[in-house]
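Fold and contact review
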Amino acid sequence: MSKPERIVDAIQGEIIHEYDGILEADNRLPLWWLWTFFGAVLFSIGYWFWYEEFEAGPGLNQAYFIEREAEREKVGKDPTDAQLMAQLGTPAVSKGDELYAS
């Protein structure tokens with residue numbers, strides 16, 4: 001049994017696989033790509049432990065509810081149906097209606 005012939009391309013380097021005329025080279029990834037990938041993995045692990053495991057900061061749901069409560073305290077209660085109906089004739093609502101229709 002003989003070894004397969006080693007194919008070397010001038011641009012890609014050593015070809016390790018050929019299938020249907022498509023040549024596949026085993027090139028190393030650029031270092032900037034590897035560092036970016038590893039940095040993203042480390043960041044995601046830190047993010048998970050900070051927000052989900054240790055709950056040191058508010059998660060997305062908690063931040064939403066905190067912001068919603070702060071807005072309700074500033075504005076007051078939820079608007080009534082009568083207050084919402086009174087807003088229908090205002091210029092802002094008319095402009096929004098025009099934008100939505102277009």
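With antiparallel pairing, three strands are arranged side by side in an open sheet as β1-β2-β3. Looking at which strands have only one partner, the edges of the open sheet turn out to be β1 (7-9) and β3 (22-25). For this sheet, the mean inter-axis angle between neighbouring strands, taken without regard to orientation, is 55 degrees. Of the strand pairs in this sheet, β1 and strand β2 (residues 13-19) are connected by three bridges, and their pairing is antiparallel. In the strand pairing of β2, Asp9 is matched with Gly13.

For helix α2 (residues 60-75), which comprises 16 residues, the first-to-last C-alpha distance of 22 Å matches the rise-based estimate of 22 Å (1.5 Å per residue) to within 8%. The positive-phi residue at the C-terminal boundary of α2 is Gly76, with phi of around 120 degrees.

On to the environment of Arg28. Position of Arg28 relative to the elements: it lies in the loop between β3 and α1 (31-53). When its relative accessible area of 72% is taken as the criterion, Arg28 is described as exposed. In sequence terms Arg28 and Glu73 are 45 residues apart; their C-alpha atoms lie 57 Å from each other.

On to the pattern of salt bridges. Using the criterion set out here, one finds three salt bridges in the structure. Residue Glu69 pairs with Arg72 through a salt bridge whose shortest N-O separation is 3.9 Å. Taken together, the positions of Glu69 and Arg72, both in helix α2 and three residues apart, correspond to about one turn of that helix. Among the residues examined, Glu69 registers a relative accessible area of 36% and is labelled partly exposed. Taking relative accessible area as the criterion, Arg72 reaches 32% and is therefore assigned partly exposed.

Let's shift gears to the environment of Ile11. Among the secondary structure elements, Ile11 is positioned in the loop between β1 and β2. Distance from Ile11 to Ala25, taken between C-alpha atoms, is 9.9 Å for residues 14 residues apart in sequence.

It is worth spelling out the pairing of β3 at this point. For a regular strand, side chains alternate in direction, first toward one face of the sheet and then toward the other. Bridge analysis of β2 against β3 gives four bridges, and the strand direction is antiparallel. Within β3, the residue paired with Glu18 across the bridge is Leu23. Taken together, β2 and the strand that follows it, β3, pair antiparallel across an intervening segment of two residues, in which Asp20 is found at a positive phi of about 55 degrees.

Rules behind the numbers
Residues numbered from 1 in each chain as written. Predicted model: local features only at pLDDT ≥ 70, side-chain atom pairs only at ≥ 80, totals over all residues. Heavy atoms only, no water. Pairing = 2+ DSSP bridges. Helix = DSSP H or I, 4+ residues; strand = E, 2+ residues; numbered from the N terminus. Axes fitted to C-alpha atoms, helices over the stretch in contact; angles between N-to-C directions. Expected span 1.5 Å × (residues − 1). Buried < 20%, exposed > 50% of the residue type's maximum accessible area, 1.4 Å probe, protein only. Salt bridge = Lys/Arg side-chain N within 4 Å of Asp/Glu carboxyl O.

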